[in-house]
Amino acid sequence: VFASEISKRFGNVKRARGCFLYTEKGVRLTDLFQEGGRAILGWGGNSAFTVLKNVLSRGLTGSFPTVFDLQLKKAVSELLDSRRSVSVFFDREKAVSAAEKIAGKPLWWKPWIQDGIAWNSEAAVLIEPPLAWAQNLYILATLLPDDCKTSAENESLVQSCMIPAVLASAAARSIYNMIAALQERGEKDWYIFDPEIKKYWTRSGPYLYPKVPVKVYDRFVLHCLDCA
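One structure accompanies this document, and this report is about it. (Residues numbered from 1 in each chain as written. Predicted model: local features only at pLDDT ≥ 70, side-chain atom pairs only at ≥ 80, totals over all residues. Heavy atoms only, no water.)

1. As for the side chain of serine 77
What counts is decided by this rule: What counts as a helix is a DSSP run of H or I of at least four residues, what counts as a strand is a run of E of at least two, and both are numbered from the N terminus. Polar contact criterion, stated in full: a pair of N or O atoms within 3.5 Å, where within protein one must be able to donate a hydrogen and the other to accept it, and residues adjacent in sequence count only if both atoms are side-chain atoms. Every residue pair with non-hydrogen atoms within 4.5 Å of one another is taken to be in contact.
Relative to the helices and strands, serine 77 is located in helix α3 (residues 68-80). At 3.1 Å, the side chain of serine 77 forms a polar contact with the backbone nitrogen of arginine 84. In contact with serine 77, other than residues within four places in its own chain, are Ser82, Arg83 and Arg84.

2. Brief notes about unusual backbone geometry
In most cases, non-glycine residues show a negative phi, while peptide bonds are predominantly trans. The backbone of aspartate 81 shows a phi angle near 55°, a positive value even though the residue is not glycine. Mapped onto the fold, aspartate 81 is located in the loop between α3 and β4 (84-89). Even without being glycine, alanine 228 reaches a positive phi, approximately 60°. Among the secondary structure elements, alanine 228 is positioned in the segment after α9 (217-226).

3. Here we look at the packing of helix α2 (residues 48-56) against helix α6 (residues 165-184)
Heads up, the condition is: Only C-alpha atoms enter the line fits that serve as axes; for helices the fit covers just the stretch in contact. Angles between N-to-C directions range over 0 to 180 degrees. Each angle receives one of four descriptions, namely roughly parallel if under 35 degrees, roughly antiparallel if over 145, roughly perpendicular if within 65 to 115, and oblique otherwise. We call a crossing left-handed when the near helix sits turned anticlockwise from the far one by less than a right angle, and right-handed when that turn is clockwise.
Two elements in contact, α2 and α6, have axes whose closest approach is 8 Å; the angle formed by their N-to-C orientations is 155°. Classified by the angle between their axes, α2 and α6 sit roughly antiparallel to one another. Crossing handedness for the pair α2 and α6: right-handed. Facing Ala48, Val51, Leu52, Val55 and Leu56 of α2, the residues of α6 in contact are Ala165, Val166, Ser169, Ala170, Arg173, Ser174 and Asn177.

4. As for the packing of aromatic side chains
Two descriptors summarise a pair of aromatic rings, namely the distance from one centre to the other and the angle between the planes of the rings. What counts here: Ring pairs shown here join Phe, Tyr and Trp side chains whose ring centres sit within 6.5 Å, with only the six-membered ring taken for Trp; geometry is labelled stacked below 30 degrees between planes, edge-to-face above 60, and tilted in between. Each residue's exposure class comes from its accessible area (1.4 Å probe, protein chains only) as a fraction of the maximum for that residue type: buried when under 20%, exposed when over 50%, partly exposed otherwise. Remark: a charge is flagged as sitting over a ring if the NZ atom of Lys or the CZ atom of Arg is within 6 Å of the ring centre and within 35 degrees of the ring normal.
Here the structure, examined in full by the defined rule, presents seven aromatic pairs. Relative to tryptophan 133, the ring of phenylalanine 49 has its centre 6.1 Å away and its plane inclined at 20°; by these criteria the two rings are stacked. Residue phenylalanine 49 is found in helix α2, and its partner tryptophan 133 is found in the loop between β6 (124-127) and β7 (138-143); the two are separated by 84 residues along the sequence. Judged by its relative accessible area of 18%, phenylalanine 49 falls in the buried class. On the basis of relative accessibility, which here comes to 32%, the residue tryptophan 133 falls in the partly exposed class. Measuring from ring centre to ring centre gives 6.0 Å for tyrosine 200 and tryptophan 201, while their planes differ by 75°; the resulting arrangement is edge-to-face. Among the aromatic residues, those joined into a cluster by ring pairs are Tyr200, Trp201, Tyr217 and Phe220. Sitting over the ring of tyrosine 22, arginine 15 keeps its end group 5.1 Å from the ring centre. In this structure, arginine 28 is placed above the aromatic ring of phenylalanine 20, and the distance from its NZ or CZ to the ring centre is 3.8 Å.

5. Here's the deal with the sheet that holds strand β5 (residues 107-109)
In a beta sheet, neighbouring strands are held together by backbone hydrogen bonds and run either parallel or antiparallel to one another. Condition: Strand pairing follows a simple DSSP-based rule, namely that at least 2 bridges must link the two strands.
Within the open sheet, the four strands sit side by side as β4-β7-β6-β5. Their pairing is mixed. Strands at the two margins of the open sheet, each flanked by one partner only, are β4 and β5. Along the sheet, successive strands turn relative to each other by an average axial angle of 30°, direction set aside. With three bridges connecting them, β5 and β6 associate as parallel partners. Along β6, the bridge assignment pairs tryptophan 108 with leucine 126. Running at roughly 115° to β4, α3 makes contact with β4, β5, β6 and β7 of the sheet.

All quantities given are derived from atomic positions and should not be read as evidence of function.
Encoded structure:
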């Protein structure tokens, strides 16, 4: 709905970079949604798409096995500082259902929040790669125990999707980019925007929680669009 409201006011989006959307009518919009967090590292300039283009040029778009499945496992294992098997889903409910079979109530990994959780010991963790991509992509990272039998039993509970190498490679690179960003970004990068946002949102790290009631939030978003 909001996509059509953007085009009605400013035309289609011609370019996206960082946290900005540039429209056909020459208006620059600040993107606070960032594809539900998938574009939290920014639009356009992410090296994940350089990797995607390189793999695409090799024609690796089929359902055959490639080295990039292993690279995705390595990236997730480094992020969670533990040995992990990886299952991929395009449907959130299926991802949650698979995780619940292994760990009851799984945890969602989100950057810059949930401090104090020992991620390397959690049996099942759900991750949305920080890949600025319109399609939902969920990764179930299952802890690999020393017991090979237990590992096999966990894998038998999960029916994941196969993704083409181009997407696996981009997702892996986006996770490595996030690992680097976790060391570089922090409160100093976010608090400087507080004067502009504090009237309407409560900020926690890079996340914004609206102060306006849920029932009027859609109307509030349209008001923001009217203000460009």
